[in-house]
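Survey of secondary and tertiary structure
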Amino acid sequence: MTLRRALEALFLFAAVVFVVAPGAGPGPVPLVLKVTPIACLAALVLRARGAAWVPVLAALGFSAIGDLSLELGAFAPGLGAFLLAHLCYIAAFAARPRFPAVGILLALLLLAFAAGLGTLLLPESGALAPAVLAYLAVITAMALVAVFCGAGPWVVAGAVAFVLSDALIAVNRFLEPVPGARHAIMLLYYAAQFGLTARARGWPAGR
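All of the points below concern the structure found in this document. Being a predicted model, the structure only gives us computed values, none of them experimental.

1. A short note on helix H1 (residues 3-20)
For H1, built from 18 residues, the straight-helix expectation of 26 Å at 1.5 Å per residue is met to within 8% by its first-to-last C-alpha distance of 26 Å. If you follow the buried residues of H1, they end up packed against helix H2 (28-48), helix H3 (53-71) and helix H8 (181-196).

As structure tokens, then:
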């Protein structure tokens, strides 16, 4: 087994274990398990050094900080770390935009989803409303950049999955508990990071 395949297998194994059996309580084991898939992606990015690998690597670093913060119950620092991660992804994908019909339709859906979500969340988020609004704007911008800047279908799928994952977090925190939310959030999150890092990992090109 090559190092690449070993890292991909470890990513999948750790992600599945954390998704299937999350919420193990405080302690180093769940923290390490949660960030292991992100560490595997970072190692794959370092190994391949594909397209825009430096900002993608920075995005993974901020994501790991966000993961640890949220797992420890520090919501605001986690929100800030993921906001920086999305800014790094925007830097990674920014290029001359293209406006295909399918991209325009997807962008309109993303904007409508973001507007509807913001309308629901902001009245319920209290003192965090400015931070929530800023985060919603940045993650939506990240998804739009992925759609219009030719980042490719894996990256676009990853961006959409990230929007859905974070929407579930917000609904679960500010509106009402969603049954099975943690499982769905983490499944979408790991799928999102896998897609967003595809070009920087040189994947699937060259397989």
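2. Describing the packing of aromatic side chains
Applying the stated criterion across every chain, the model contains 10 aromatic pairs. Measuring from ring centre to ring centre gives 6.4 Å for Phe 11 and Tyr 190, while their planes differ by 85°; the resulting arrangement is edge-to-face. Taken as a pair, Phe 11 in helix H1 and Tyr 190 in helix H8 lie far apart in primary sequence, 179 residues in all. Each member of the pair, Phe 11 as well as Tyr 190, is classed as buried. Taking 5.5 Å as the distance between ring centres and 80° as the angle between the ring planes, the aromatic pair formed by Phe 162 and Tyr 189 counts as edge-to-face. Remark: Tyr 189 occurs in helix H8 and Phe 162 occurs in helix H7 (residues 153-175); sequence separation between them is 27 residues.

3. Some words on the environment of Ala 129
Secondary-structure assignment places Ala 129 in helix H6 (residues 129-148). Along the sequence, Ala 129 and Pro 55 sit 74 residues apart, while their C-alpha atoms lie 28 Å from each other.

4. Some words on the nonpolar core
Tyr 89, Phe 93, Phe 162, Tyr 190 and Leu 196 are the most contacted members of the largest nonpolar core, which totals 61 residues. Broken down by secondary-structure element, the contributors of at least two residues to this core are H1, H2, H3, helix H4 (75-93), helix H5 (101-121), H6, H7 and H8. The element that contributes the greatest number of residues to this core is H6, accounting for 12 residues. Excluding residues within four positions of it along the chain, Tyr 190 makes contact with Phe 11, Ala 15, Phe 18, Val 19, Leu 33, Lys 34, Pro 37 and Ile 38.

5. Some words on the pattern of salt bridges
For side chains of opposite charge, pairing can occur when their charged atoms come near one another. Under the criterion given, the structure shown has two salt bridges. Measuring nitrogen to oxygen at the nearest pair gives 3.1 Å for the salt bridge that ties Lys 34 to Glu 71. Of the two residues, Lys 34 is situated in helix H2 and Glu 71 in helix H3; the sequence distance between them amounts to 37 residues. Via salt bridges that share partners, Lys 34, Glu 71 and Arg 182 belong to a single interconnected network.

Criteria and cut-off values
Residues numbered from 1 in each chain as written. Predicted model: local features only at pLDDT ≥ 70, side-chain atom pairs only at ≥ 80, totals over all residues. Heavy atoms only, no water. Helix = DSSP H or I, 4+ residues; strand = E, 2+ residues; numbered from the N terminus. Expected span 1.5 Å × (residues − 1). Contact = heavy atoms within 4.5 Å. Phe/Tyr/Trp six-rings, centres within 6.5 Å; stacked < 30°, edge-to-face > 60°. Buried < 20%, exposed > 50% of the residue type's maximum accessible area, 1.4 Å probe, protein only. Core = buried A, V, L, I, M, F, W, Y, C linked by side-chain atoms within 4.5 Å. Salt bridge = Lys/Arg side-chain N within 4 Å of Asp/Glu carboxyl O.

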